[in-house]
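Examination of the molecular architecture
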Amino acid sequence: QVQLVESGGGLVQAGGSLRLSCAASGRTFSRSAMGWFRQAPGKERDFVAGISWGGLSTYYADSVKGRFTISRDNAKNTVYLQMNSLKSEDTAVYYCAASTLQGAPTVAERFGSWGQGTQVTVSS
């Protein structure tokens, strides 16, 4: 089991940038695929980005391709989400998640550990 704590959320103007961090504790981080999901008020939790355990494979939702970048530093037990060119529709609570299951880390059901979330608000 991995414990996850997100940070880096906040209020930013449209067109701005934020970098989210997710600090992990536990012995399985380096063997876990990681993902970022988000949930806006009244909506379901959606996949944003995923990264394989070694960092060689990354996955993105179409809505964030070219604007967001996921990365990880296994030496620091941390995964990042760099968000550029932010839009008002990116406003949501962002969650970090860890998966030890096989398969692309893009489906919420594959993730067994979740953080508490961090709020991102983009003003237009």
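A brief report on the enclosed structure follows. Keep in mind it's a predicted model, so treat the numbers as computed, not measured.

What follows is about the overall build of the protein chain. Per the secondary structure count, the protein chain includes zero helices and 11 strands. Starting at the N terminus, the α and β elements of the protein chain follow one another as β-β-β-β-β-β-β-β-β-β-β. Whereas a compact globule of 124 residues would reach a radius of gyration of roughly 14 Å, the protein chain reaches 13 Å, a difference of no more than 12%. In terms of overall dimensions, the protein chain has a C-alpha envelope of 40 × 25 × 25 Å along the principal axes. In the protein chain, the share of contacts with a sequence separation of at least 24, taken over all contacts with a separation of at least 6, comes to 58%. Carbon and sulfur atoms make up 47% of the accessible area of the protein chain, which amounts to about 6,300 Å² in all. Taking the average place of the 12 positive charges on the side chains of the protein chain and the average place of its 8 negative ones, the gap between the two points comes to 7 Å.

Taken as a whole and judged by the stated rule, the model has one disulfide. Note that C22 is cross-linked by a disulfide to C96, the S-S spacing being 2.1 Å. Between C22 and C96 the disulfide shows an S-S torsion of about -80°. By sign, it is left-handed. Of this pair, C22 sits in strand β3 (residues 18-25) while C96 sits in strand β9 (residues 92-99); the two residues are 74 residues apart in sequence, bridging distant segments of the chain.

What follows is about the sheet that holds β3. Spatial strand order, β1-β3-β8-β7: four strands in an open sheet with antiparallel pairing. If you trace the sheet from one side to the other, it starts and ends with β1 (3-7) and β7 (68-73), each paired once. Strand-to-strand twist in this sheet, taken as the mean axis angle between neighbours without regard to direction, amounts to 15°. Of the pairings in the sheet, the one linking β1 to β3 comprises five bridges and is antiparallel in character. Pairing of E6 across the sheet is with C22, part of β3.

Before going further, it helps to spend a moment on the environment of G10. If you trace the backbone, G10 turns up in strand β2 (residues 10-13). Setting aside residues up to four positions removed in sequence, G10 forms contacts with L18, Q119, V120 and T121.

Turning our eyes to something else, we now look at the nonpolar core. M34, W36, L81, M83 and Y94 are the most contacted members of the largest nonpolar core, which totals 31 residues. Those elements that place two or more of their residues in this core are β3, β4 (33-39), β5 (45-51), β7, β8 (78-83), β9 and β11 (118-123). Broken down by element, the residue count for this core peaks at five residues, all from β9. Apart from the residues lying within four places of it in its own chain, the contact partners of L81 are L18, R19, L20, W36, V48, A49, F68, T69, I70 and Y94.

On to the pattern of salt bridges. It is possible for side chains of opposite charge to pair when their charged atoms get near one another. Within this structure, the stated rule accounts for three salt bridges. Between K65 and D62 there is a salt bridge, and its shortest N-O distance comes to 3.2 Å. Residue K65 is classed as exposed on the basis of its relative accessible area, which comes to 51%. Residue D62 is classed as exposed on the basis of its relative accessible area of 65%.

What follows deals with the side chain of R38. Checked against the element boundaries, R38 lands in strand β4. Here D90 takes part through its side chain, which lies 2.9 Å from a polar atom of the side chain of R38. At 2.9 Å, the side chain of R38 and the side chain of Y94 are in polar contact.

Rules used throughout
- Residues numbered from 1 in each chain as written.
- Predicted model: local features only at pLDDT ≥ 70, side-chain atom pairs only at ≥ 80, totals over all residues.
- Heavy atoms only, no water.
- Helix = DSSP H or I, 4+ residues; strand = E, 2+ residues; numbered from the N terminus.
- Rg over C-alpha atoms; globule rule 2.2 N^0.38 Å.
- Contact = heavy atoms within 4.5 Å.
- Areas by Shrake-Rupley, 256 points an atom, 1.4 Å probe, with all protein chains shown as cover.
- Lys, Arg positive; Asp, Glu negative; His and termini not counted.
- Charge placed at Lys NZ, Arg CZ, Asp CG, Glu CD.
- Disulfide = S-S within 2.5 Å.
- Pairing = 2+ DSSP bridges.
- Axes fitted to C-alpha atoms, helices over the stretch in contact; angles between N-to-C directions.
- Core = buried A, V, L, I, M, F, W, Y, C linked by side-chain atoms within 4.5 Å.
- Buried < 20%, exposed > 50% of the residue type's maximum accessible area, 1.4 Å probe, protein only.
- Salt bridge = Lys/Arg side-chain N within 4 Å of Asp/Glu carboxyl O.
- Polar contact = N/O pair within 3.5 Å; in protein donor to acceptor, adjacent residues only side chain to side chain.

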